[in-house]
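Tertiary structure, described
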Amino acid sequence: MNDIARTKDLAQPVDIDAGHDMEAFWMPFTANRHFKSAPRMLARAEGMHYWTPDGRKVLDAVAGLWCTNAGHCRTPIVEAIQRQAATMDFAPTFQMGHPLAFELSNRLLEILPPEFGQVFYCNSGSEAVDSALKIALAYHRMRGEGQRTRLIGRERGYHGVGFGGISVGGIAGNRKHFGSMLAGVDHLPHTHDLAHNAFSKGQPAWGAHLADELERLVTLHDPSTIAAVIVEPVAGSTGVLIPPVGYLQKLREITSKHGILLIFDEVITGFGRLGSPFASQHFGVVPDLVTVAKGITSGTVPMGAVFARRGIYDTFMQGPEKAIELFHGYTYSAHPLACAAALATLDVYQDEGLLTRAAVLAPQWEEAVHSLRDCPNVIDVRNIGLIGAIELAPRPGAPGTRAFDAFTRAFHEQDLLIRVTGDIIAMSPPLIVEPSQIDEIVDKLRRVLTTLD
(Lines give C-alpha, C1' and ligand atoms only; values in the text may rest on other atoms or scores of the structure.)
Protein backbone atom coordinates (compact mmCIF):
# COMPACT_ATOMS: atom_id res chain seq x y z
CA MET A 1 0.00 0.00 0.00
CA ASN A 2 2.13 2.80 -1.34
CA ASP A 3 -0.34 5.25 -2.81
CA ILE A 4 -0.13 8.20 -0.41
CA ALA A 5 -0.05 11.59 -2.08
CA ARG A 6 2.36 13.82 -0.16
CA THR A 7 4.46 16.86 -1.02
CA LYS A 8 6.08 17.27 2.40
CA ASP A 9 8.36 14.93 4.31
CA LEU A 10 6.13 13.10 6.77
CA ALA A 11 8.90 13.03 9.35
CA GLN A 12 9.34 16.81 9.27
CA PRO A 13 8.16 18.33 12.59
CA VAL A 14 5.25 20.75 12.44
CA ASP A 15 4.56 23.34 15.12
CA ILE A 16 0.84 22.77 14.88
CA ASP A 17 -0.32 24.65 17.95
CA ALA A 18 2.12 27.55 18.13
CA GLY A 19 0.39 30.78 19.04
CA HIS A 20 -3.05 29.25 19.45
CA ASP A 21 -5.04 29.38 22.68
CA MET A 22 -6.25 25.84 23.32
CA GLU A 23 -9.18 27.06 25.41
CA ALA A 24 -11.00 28.13 22.24
CA PHE A 25 -11.76 24.50 21.27
CA TRP A 26 -14.29 22.75 23.53
CA MET A 27 -13.24 19.17 22.79
CA PRO A 28 -15.85 16.38 22.52
CA PHE A 29 -15.78 13.34 24.83
CA THR A 30 -12.51 14.64 26.30
CA ALA A 31 -11.17 15.55 29.74
CA ASN A 32 -10.45 19.05 28.46
CA ARG A 33 -8.40 20.30 31.42
CA HIS A 34 -6.22 17.20 31.53
CA PHE A 35 -5.68 17.17 27.76
CA LYS A 36 -4.76 20.84 27.56
CA SER A 37 -2.25 20.46 30.37
CA ALA A 38 -0.38 17.78 28.35
CA PRO A 39 -1.73 17.66 24.78
CA ARG A 40 -1.62 14.55 22.63
CA MET A 41 -1.49 16.06 19.17
CA LEU A 42 -1.59 14.45 15.73
CA ALA A 43 -0.37 16.30 12.66
CA ARG A 44 -0.30 13.90 9.72
CA ALA A 45 -1.30 10.39 8.76
CA GLU A 46 -0.37 7.73 6.23
CA GLY A 47 -1.47 4.13 5.94
CA MET A 48 -1.27 2.55 9.40
CA HIS A 49 0.34 5.52 11.13
CA TYR A 50 -0.08 9.01 12.49
CA TRP A 51 2.73 11.49 12.98
CA THR A 52 2.89 13.90 15.91
CA PRO A 53 3.87 17.55 15.41
CA ASP A 54 7.38 16.72 16.68
CA GLY A 55 7.78 13.92 14.14
CA ARG A 56 7.03 10.78 16.19
CA LYS A 57 5.47 7.92 14.19
CA VAL A 58 2.43 6.46 15.99
CA LEU A 59 0.94 3.08 15.09
CA ASP A 60 -2.85 3.36 14.80
CA ALA A 61 -4.53 0.39 16.53
CA VAL A 62 -8.04 1.88 16.45
CA ALA A 63 -8.51 3.04 12.83
CA GLY A 64 -8.71 6.63 14.01
CA LEU A 65 -12.02 6.23 15.81
CA TRP A 66 -13.24 2.89 14.40
CA CYS A 67 -13.46 4.54 10.97
CA THR A 68 -10.35 4.60 8.74
CA ASN A 69 -10.87 1.02 7.54
CA ALA A 70 -8.85 1.55 4.35
CA GLY A 71 -6.00 3.23 6.21
CA HIS A 72 -5.07 6.88 6.19
CA CYS A 73 -4.73 9.25 3.24
CA ARG A 74 -5.27 6.72 0.47
CA THR A 75 -4.54 8.39 -2.84
CA PRO A 76 -7.65 7.19 -4.77
CA ILE A 77 -9.91 8.56 -2.05
CA VAL A 78 -7.99 11.81 -1.62
CA GLU A 79 -7.97 12.46 -5.36
CA ALA A 80 -11.69 11.68 -5.69
CA ILE A 81 -12.47 14.27 -3.02
CA GLN A 82 -10.22 16.83 -4.68
CA ARG A 83 -11.79 16.29 -8.10
CA GLN A 84 -15.30 16.56 -6.74
CA ALA A 85 -14.54 19.74 -4.79
CA ALA A 86 -13.35 21.30 -8.04
CA THR A 87 -16.31 19.99 -10.08
CA MET A 88 -19.35 20.58 -7.88
CA ASP A 89 -18.86 21.53 -4.25
CA PHE A 90 -22.49 21.20 -3.17
CA ALA A 91 -25.84 20.14 -4.56
CA PRO A 92 -29.16 20.02 -2.70
CA THR A 93 -31.02 16.74 -2.45
CA PHE A 94 -34.34 18.28 -1.40
CA GLN A 95 -36.39 18.06 -4.63
CA MET A 96 -33.11 17.93 -6.60
CA GLY A 97 -30.44 15.31 -7.16
CA HIS A 98 -26.97 14.58 -8.47
CA PRO A 99 -25.67 11.44 -10.19
CA LEU A 100 -23.20 10.37 -7.50
CA ALA A 101 -25.95 9.86 -4.92
CA PHE A 102 -27.75 7.36 -7.15
CA GLU A 103 -24.54 5.65 -8.24
CA LEU A 104 -23.42 5.23 -4.64
CA SER A 105 -26.79 3.83 -3.56
CA ASN A 106 -26.63 1.12 -6.19
CA ARG A 107 -23.01 0.31 -5.35
CA LEU A 108 -23.95 -0.13 -1.69
CA LEU A 109 -26.85 -2.43 -2.55
CA GLU A 110 -24.37 -4.67 -4.39
CA ILE A 111 -22.54 -5.50 -1.14
CA LEU A 112 -25.64 -5.67 1.08
CA PRO A 113 -27.83 -8.72 1.61
CA PRO A 114 -30.36 -8.92 -1.26
CA GLU A 115 -33.24 -8.15 1.10
CA PHE A 116 -32.26 -4.44 1.12
CA GLY A 117 -33.57 -2.00 -1.44
CA GLN A 118 -32.98 1.65 -0.48
CA VAL A 119 -30.41 3.95 1.12
CA PHE A 120 -31.17 7.15 3.06
CA TYR A 121 -28.22 9.49 3.63
CA CYS A 122 -27.15 11.67 6.52
CA ASN A 123 -23.85 12.86 7.98
CA SER A 124 -22.94 10.67 10.96
CA GLY A 125 -23.82 7.60 12.95
CA SER A 126 -25.82 9.71 15.38
CA GLU A 127 -27.92 11.10 12.54
CA ALA A 128 -28.27 7.64 11.03
CA VAL A 129 -29.74 6.31 14.26
CA ASP A 130 -32.19 9.17 14.67
CA SER A 131 -33.16 8.76 11.01
CA ALA A 132 -33.75 5.03 11.44
CA LEU A 133 -35.88 5.57 14.53
CA LYS A 134 -38.00 8.17 12.70
CA ILE A 135 -38.35 5.91 9.67
CA ALA A 136 -39.51 3.08 11.94
CA LEU A 137 -42.12 5.24 13.65
CA ALA A 138 -43.35 6.71 10.38
CA TYR A 139 -43.45 3.27 8.74
CA HIS A 140 -45.92 1.95 11.28
CA ARG A 141 -48.05 5.07 10.98
CA MET A 142 -48.15 4.69 7.21
CA ARG A 143 -49.36 1.12 7.71
CA GLY A 144 -52.20 2.25 9.96
CA GLU A 145 -50.46 1.24 13.19
CA GLY A 146 -49.61 4.67 14.52
CA GLN A 147 -49.97 3.38 18.09
CA ARG A 148 -46.60 1.65 17.68
CA THR A 149 -44.48 4.37 19.25
CA ARG A 150 -42.37 2.51 21.79
CA LEU A 151 -38.66 1.95 21.13
CA ILE A 152 -36.47 -0.65 22.81
CA GLY A 153 -32.71 -0.35 23.13
CA ARG A 154 -30.22 -2.19 25.29
CA GLU A 155 -28.22 -1.46 28.42
CA ARG A 156 -24.65 -0.40 27.61
CA GLY A 157 -25.69 0.26 24.02
CA TYR A 158 -24.22 3.25 22.18
CA HIS A 159 -26.25 4.80 19.39
CA GLY A 160 -24.72 8.23 19.03
CA VAL A 161 -25.50 11.47 20.78
CA GLY A 162 -28.80 12.66 19.27
CA PHE A 163 -31.78 12.63 21.59
CA GLY A 164 -33.08 9.51 19.91
CA GLY A 165 -29.72 7.80 20.18
CA ILE A 166 -29.13 8.57 23.85
CA SER A 167 -32.70 7.57 24.65
CA VAL A 168 -32.34 4.07 23.21
CA GLY A 169 -28.69 3.96 24.26
CA GLY A 170 -27.76 2.51 27.60
CA ILE A 171 -24.58 4.24 28.79
CA ALA A 172 -25.35 6.31 31.89
CA GLY A 173 -22.70 8.96 31.28
CA ASN A 174 -24.23 9.77 27.90
CA ARG A 175 -27.72 10.19 29.42
CA LYS A 176 -27.58 11.59 32.93
CA HIS A 177 -27.10 15.28 32.08
CA PHE A 178 -29.82 15.60 29.45
CA GLY A 179 -33.17 15.32 31.15
CA SER A 180 -35.87 12.73 30.57
CA MET A 181 -35.07 12.20 26.87
CA LEU A 182 -37.66 10.46 24.67
CA ALA A 183 -40.70 8.97 26.33
CA GLY A 184 -41.76 5.37 25.73
CA VAL A 185 -38.31 3.80 25.65
CA ASP A 186 -37.29 0.59 27.41
CA HIS A 187 -34.08 -1.43 27.47
CA LEU A 188 -32.97 -5.03 27.19
CA PRO A 189 -30.23 -6.24 29.54
CA HIS A 190 -26.71 -6.31 28.14
CA THR A 191 -24.96 -9.62 27.53
CA HIS A 192 -21.65 -9.08 29.36
CA ASP A 193 -21.05 -11.54 32.20
CA LEU A 194 -17.48 -12.23 33.26
CA ALA A 195 -18.54 -15.13 35.47
CA HIS A 196 -19.67 -17.05 32.38
CA ASN A 197 -17.84 -15.51 29.43
CA ALA A 198 -14.40 -14.30 30.53
CA PHE A 199 -11.66 -14.99 27.97
CA SER A 200 -14.10 -16.27 25.34
CA LYS A 201 -12.65 -16.46 21.86
CA GLY A 202 -15.15 -15.11 19.36
CA GLN A 203 -18.81 -15.42 20.32
CA PRO A 204 -19.37 -16.64 23.89
CA ALA A 205 -21.41 -19.79 24.30
CA TRP A 206 -23.43 -18.47 27.24
CA GLY A 207 -26.09 -15.78 27.05
CA ALA A 208 -28.50 -16.42 24.16
CA HIS A 209 -31.32 -16.69 26.69
CA LEU A 210 -30.93 -12.98 27.48
CA ALA A 211 -32.76 -12.27 24.22
CA ASP A 212 -35.84 -13.81 25.83
CA GLU A 213 -36.08 -10.65 27.94
CA LEU A 214 -37.58 -9.08 24.84
CA GLU A 215 -40.60 -11.35 25.25
CA ARG A 216 -41.00 -10.04 28.79
CA LEU A 217 -40.95 -6.43 27.55
CA VAL A 218 -43.38 -7.31 24.78
CA THR A 219 -45.75 -8.78 27.36
CA LEU A 220 -45.31 -5.77 29.66
CA HIS A 221 -45.99 -3.13 27.00
CA ASP A 222 -48.09 -5.17 24.51
CA PRO A 223 -46.58 -5.83 21.07
CA SER A 224 -49.04 -3.48 19.38
CA THR A 225 -47.27 -0.51 21.03
CA ILE A 226 -43.68 -1.35 20.03
CA ALA A 227 -42.20 0.12 16.85
CA ALA A 228 -38.62 -1.09 16.86
CA VAL A 229 -35.77 -2.76 18.69
CA ILE A 230 -32.26 -1.37 18.10
CA VAL A 231 -28.99 -3.10 18.99
CA GLU A 232 -25.37 -3.06 17.94
CA PRO A 233 -24.51 -6.53 16.62
CA VAL A 234 -21.22 -6.04 18.47
CA ALA A 235 -21.42 -3.31 21.11
CA GLY A 236 -18.26 -1.33 20.41
CA SER A 237 -18.06 1.95 22.28
CA THR A 238 -19.05 0.43 25.61
CA GLY A 239 -16.08 -1.93 25.49
CA VAL A 240 -16.56 -4.61 22.79
CA LEU A 241 -19.43 -6.79 23.98
CA ILE A 242 -19.78 -9.71 21.59
CA PRO A 243 -23.18 -11.34 21.09
CA PRO A 244 -23.58 -14.86 22.48
CA VAL A 245 -24.12 -17.65 19.99
CA GLY A 246 -27.80 -17.56 18.92
CA TYR A 247 -28.61 -14.24 20.62
CA LEU A 248 -29.16 -12.11 17.52
CA GLN A 249 -31.12 -14.92 15.87
CA LYS A 250 -33.50 -14.96 18.83
CA LEU A 251 -34.02 -11.21 18.64
CA ARG A 252 -34.90 -11.58 14.97
CA GLU A 253 -37.39 -14.39 15.69
CA ILE A 254 -39.14 -12.43 18.44
CA THR A 255 -39.35 -9.15 16.53
CA SER A 256 -40.64 -10.89 13.39
CA LYS A 257 -43.28 -12.72 15.41
CA HIS A 258 -44.65 -9.48 16.83
CA GLY A 259 -44.35 -7.20 13.78
CA ILE A 260 -41.57 -5.15 15.38
CA LEU A 261 -38.81 -3.70 13.22
CA LEU A 262 -35.26 -4.80 14.07
CA ILE A 263 -32.54 -2.18 13.62
CA PHE A 264 -28.84 -3.08 13.55
CA ASP A 265 -26.49 -0.23 14.40
CA GLU A 266 -23.51 -1.12 12.22
CA VAL A 267 -21.66 2.17 12.49
CA ILE A 268 -18.67 0.21 13.82
CA THR A 269 -19.20 -3.28 12.38
CA GLY A 270 -20.07 -2.14 8.85
CA PHE A 271 -17.61 -2.26 5.95
CA GLY A 272 -15.51 -5.29 6.74
CA ARG A 273 -14.73 -5.05 10.44
CA LEU A 274 -15.83 -8.63 11.16
CA GLY A 275 -14.66 -10.22 7.91
CA SER A 276 -17.89 -9.72 5.94
CA PRO A 277 -19.15 -6.47 4.44
CA PHE A 278 -21.70 -6.19 7.25
CA ALA A 279 -22.37 -7.92 10.56
CA SER A 280 -25.78 -9.03 9.33
CA GLN A 281 -23.96 -11.24 6.82
CA HIS A 282 -21.42 -12.41 9.37
CA PHE A 283 -24.10 -13.54 11.82
CA GLY A 284 -26.66 -14.63 9.23
CA VAL A 285 -29.37 -12.32 10.59
CA VAL A 286 -31.18 -9.85 8.33
CA PRO A 287 -32.62 -6.83 10.17
CA ASP A 288 -35.14 -4.38 8.76
CA LEU A 289 -32.98 -1.26 9.00
CA VAL A 290 -29.19 -0.85 9.25
CA THR A 291 -27.34 2.29 10.30
CA VAL A 292 -23.81 2.97 9.05
CA ALA A 293 -21.22 5.77 9.00
CA LYS A 294 -17.46 5.76 9.73
CA GLY A 295 -16.19 3.16 7.22
CA ILE A 296 -18.53 4.29 4.45
CA THR A 297 -15.92 6.91 3.50
CA SER A 298 -13.06 5.41 5.54
CA GLY A 299 -13.44 8.43 7.81
CA THR A 300 -12.40 10.98 5.17
CA VAL A 301 -15.63 12.97 4.81
CA PRO A 302 -18.50 12.82 7.33
CA MET A 303 -21.29 10.60 6.04
CA GLY A 304 -23.93 8.29 7.45
CA ALA A 305 -26.70 6.20 5.96
CA VAL A 306 -29.69 4.02 6.73
CA PHE A 307 -30.26 0.88 4.68
CA ALA A 308 -33.92 -0.12 4.41
CA ARG A 309 -35.22 -3.59 3.75
CA ARG A 310 -37.33 -3.96 0.62
CA GLY A 311 -40.95 -3.02 1.26
CA ILE A 312 -40.30 -0.26 3.81
CA TYR A 313 -39.74 2.41 1.16
CA ASP A 314 -42.70 1.12 -0.84
CA THR A 315 -44.96 1.62 2.18
CA PHE A 316 -44.24 5.34 2.01
CA MET A 317 -44.89 5.60 -1.73
CA GLN A 318 -48.60 6.40 -1.52
CA GLY A 319 -50.77 9.48 -1.70
CA PRO A 320 -50.44 12.28 -4.28
CA GLU A 321 -47.40 11.78 -6.50
CA LYS A 322 -46.16 15.34 -5.93
CA ALA A 323 -46.43 15.10 -2.14
CA ILE A 324 -43.34 14.57 0.02
CA GLU A 325 -43.49 11.08 1.50
CA LEU A 326 -41.02 11.46 4.41
CA PHE A 327 -40.54 14.81 6.09
CA HIS A 328 -36.98 14.18 7.15
CA GLY A 329 -33.48 14.85 5.83
CA TYR A 330 -30.42 17.03 6.17
CA THR A 331 -28.87 19.88 4.19
CA TYR A 332 -25.83 17.69 3.59
CA SER A 333 -27.63 14.41 2.86
CA ALA A 334 -25.66 12.71 0.05
CA HIS A 335 -23.20 15.60 -0.09
CA PRO A 336 -21.24 15.40 -3.37
CA LEU A 337 -17.84 15.25 -1.64
CA ALA A 338 -19.05 12.50 0.70
CA CYS A 339 -20.48 10.51 -2.21
CA ALA A 340 -17.24 10.86 -4.15
CA ALA A 341 -15.26 9.74 -1.10
CA ALA A 342 -17.58 6.78 -0.52
CA LEU A 343 -17.40 5.60 -4.13
CA ALA A 344 -13.60 5.77 -4.10
CA THR A 345 -13.55 3.99 -0.74
CA LEU A 346 -15.70 1.17 -2.13
CA ASP A 347 -13.24 0.87 -5.03
CA VAL A 348 -10.32 0.52 -2.61
CA TYR A 349 -12.24 -2.04 -0.54
CA GLN A 350 -13.02 -4.05 -3.67
CA ASP A 351 -9.60 -3.80 -5.31
CA GLU A 352 -7.76 -4.85 -2.14
CA GLY A 353 -10.29 -7.36 -0.78
CA LEU A 354 -10.63 -5.37 2.43
CA LEU A 355 -14.27 -6.23 3.11
CA THR A 356 -13.28 -9.83 3.79
CA ARG A 357 -9.64 -9.42 4.84
CA ALA A 358 -10.51 -9.45 8.56
CA ALA A 359 -11.65 -13.06 8.18
CA VAL A 360 -8.15 -14.00 7.00
CA LEU A 361 -6.39 -12.08 9.77
CA ALA A 362 -8.85 -12.98 12.55
CA PRO A 363 -7.10 -16.19 13.72
CA GLN A 364 -3.76 -14.39 14.17
CA TRP A 365 -5.51 -11.42 15.78
CA GLU A 366 -7.32 -13.72 18.21
CA GLU A 367 -4.15 -15.51 19.22
CA ALA A 368 -2.26 -12.24 19.59
CA VAL A 369 -4.76 -10.41 21.79
CA HIS A 370 -5.39 -13.46 23.97
CA SER A 371 -1.65 -13.72 24.60
CA LEU A 372 -2.17 -10.70 26.90
CA ARG A 373 -4.41 -12.61 29.33
CA ASP A 374 -1.53 -13.22 31.75
CA CYS A 375 -0.50 -9.57 31.98
CA PRO A 376 -1.05 -7.87 35.34
CA ASN A 377 -4.61 -6.72 36.13
CA VAL A 378 -6.15 -8.34 33.01
CA ILE A 379 -9.55 -9.85 33.90
CA ASP A 380 -10.87 -10.50 30.40
CA VAL A 381 -9.84 -10.62 26.75
CA ARG A 382 -12.42 -10.79 23.96
CA ASN A 383 -12.28 -10.63 20.20
CA ILE A 384 -14.20 -11.00 16.97
CA GLY A 385 -13.07 -10.19 13.45
CA LEU A 386 -10.50 -7.39 13.76
CA ILE A 387 -11.88 -6.07 17.04
CA GLY A 388 -10.32 -6.83 20.41
CA ALA A 389 -10.74 -5.74 23.99
CA ILE A 390 -8.62 -6.08 27.13
CA GLU A 391 -10.57 -5.51 30.33
CA LEU A 392 -8.56 -4.45 33.38
CA ALA A 393 -9.44 -4.70 37.05
CA PRO A 394 -10.36 -1.23 38.28
CA ARG A 395 -8.24 0.48 40.89
CA PRO A 396 -10.05 0.60 44.24
CA GLY A 397 -11.96 3.87 44.46
CA ALA A 398 -10.64 5.08 41.09
CA PRO A 399 -12.44 3.25 38.28
CA GLY A 400 -11.26 4.05 34.79
CA THR A 401 -7.87 5.42 35.79
CA ARG A 402 -5.90 2.24 35.12
CA ALA A 403 -7.03 1.98 31.49
CA PHE A 404 -6.63 5.73 30.98
CA ASP A 405 -3.05 5.51 32.19
CA ALA A 406 -2.53 2.65 29.73
CA PHE A 407 -3.87 4.90 26.97
CA THR A 408 -1.55 7.81 27.77
CA ARG A 409 1.49 5.57 28.30
CA ALA A 410 0.83 3.75 25.03
CA PHE A 411 0.84 7.06 23.18
CA HIS A 412 3.76 8.77 24.91
CA GLU A 413 6.02 5.79 25.61
CA GLN A 414 5.18 3.22 22.92
CA ASP A 415 3.98 5.38 20.02
CA LEU A 416 0.75 3.39 19.95
CA LEU A 417 -2.80 4.72 19.65
CA ILE A 418 -5.44 2.67 21.47
CA ARG A 419 -8.90 3.53 22.78
CA VAL A 420 -10.28 3.10 26.28
CA THR A 421 -13.72 3.17 27.83
CA GLY A 422 -13.90 2.74 31.57
CA ASP A 423 -11.24 0.13 32.35
CA ILE A 424 -11.49 -1.53 28.95
CA ILE A 425 -8.89 -1.13 26.21
CA ALA A 426 -10.41 -1.44 22.74
CA MET A 427 -8.56 -2.03 19.49
CA SER A 428 -9.74 -2.10 15.88
CA PRO A 429 -6.86 -1.46 13.47
CA PRO A 430 -7.35 -0.42 9.86
CA LEU A 431 -8.15 -3.39 7.65
CA ILE A 432 -4.85 -2.92 5.83
CA VAL A 433 -2.93 -4.02 8.95
CA GLU A 434 -0.12 -6.46 8.20
CA PRO A 435 0.52 -9.58 10.30
CA SER A 436 3.79 -8.06 11.55
CA GLN A 437 1.89 -4.95 12.67
CA ILE A 438 -0.57 -7.08 14.65
CA ASP A 439 2.42 -8.48 16.55
CA GLU A 440 3.79 -4.96 16.98
CA ILE A 441 0.51 -3.67 18.40
CA VAL A 442 0.32 -6.46 20.94
CA ASP A 443 4.00 -6.25 21.87
CA LYS A 444 3.72 -2.53 22.51
CA LEU A 445 0.57 -3.00 24.57
CA ARG A 446 2.19 -5.80 26.56
CA ARG A 447 5.03 -3.47 27.52
CA VAL A 448 2.48 -0.95 28.77
CA LEU A 449 0.46 -3.49 30.76
CA THR A 450 3.46 -5.09 32.42
CA THR A 451 4.60 -1.76 33.85
CA LEU A 452 1.14 -0.53 34.88
CA ASP A 453 0.27 -0.57 38.58
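Everything discussed here concerns the structure shown above.
An account of the accompanying structure is given in this report. (Residues numbered from 1 in each chain as written. Predicted model: local features only at pLDDT ≥ 70, side-chain atom pairs only at ≥ 80, totals over all residues. Heavy atoms only, no water.)

Thoughts on the packing of aromatic side chains
Scanning the model with the defined rule gives 5 aromatic pairs in all. Connected via pairs of aromatic rings, a cluster forms that spans F271, F278, F307 and Y349. (Phe/Tyr/Trp six-rings, centres within 6.5 Å; stacked < 30°, edge-to-face > 60°.)

Re a nonpolar patch on the surface
A cluster of nonpolar side chains, F163, F178 and L182, forms an exposed patch at the surface whose accessible area comes to about 300 Å². Structurally, the position occupied by F163 is in helix α6 (residues 163-168). (Patch = residues over 30% accessible without salt bridge, like charges linked within 9 Å, V, L, I, M, F, W, Y side chains within 5 Å. Areas by Shrake-Rupley, 256 points an atom, 1.4 Å probe, with all protein chains shown as cover. Salt bridge = Lys/Arg side-chain N within 4 Å of Asp/Glu carboxyl O. Helix = DSSP H or I, 4+ residues; strand = E, 2+ residues; numbered from the N terminus.)

Some points on the state of the cysteines
Summed over the entire model, instances satisfying the criterion amount to 0 disulfides. Of all cysteine sulfurs in the structure, the one in C67 sits closest to C73, which takes part in no disulfide; the separation is 12 Å. This cysteine, C122, is not joined by any disulfide, and C339 carries the nearest cysteine sulfur, 12 Å off. (Disulfide = S-S within 2.5 Å.)

Structural notes on the layout of surface pockets
Its volume calculated, the second largest pocket comes out at about 1100 Å³. Residue lining of the second largest pocket: 30 residues in total, with T93, V119, F120, Y313 and E325 positioned closest to the centre. Of all the elements in the fold, those that place two or more residues in the lining of the second largest pocket are α4 (99-111), β4 (116-122), β10 (304-309) and α11 (312-316). For the lining of the second largest pocket, the class distribution of residues is 18 nonpolar, 9 polar and 3 charged. (1 Å grid on protein atoms, 1.4 Å probe; cavity = no way out; pocket = protein on both sides within 12 Å on 5 of 7 lines; lining within 4 Å. Points joined across faces, edges and corners; volume = space filled by probe spheres on them. Nonpolar A, V, L, I, M, F, W, Y, C, P; charged D, E, K, R; others polar.)

Quick notes on the nonpolar core
Within the largest apolar cluster, 107 residues are counted, with the highest numbers of intra-cluster contacts made by F271, F307, I390, I425 and M427. Per element, the largest residue contribution to this core is 11 residues, and it comes from helix α12 (residues 336-352). Core analysis: the next-biggest nonpolar cluster, separate from the first, contains 21 residues, A128, I263, V306 and A308 among them. (Core = buried A, V, L, I, M, F, W, Y, C linked by side-chain atoms within 4.5 Å. Buried < 20%, exposed > 50% of the residue type's maximum accessible area, 1.4 Å probe, protein only.)

Observations regarding unusual backbone geometry
Of note in the backbone geometry, W66 takes a positive phi value of approximately 65 degrees without being a glycine. Of note, W66 is situated in helix α2 (residues 63-66). A residue is classified by how much of its surface remains accessible, and W66, at 4% relative accessible area, is buried.

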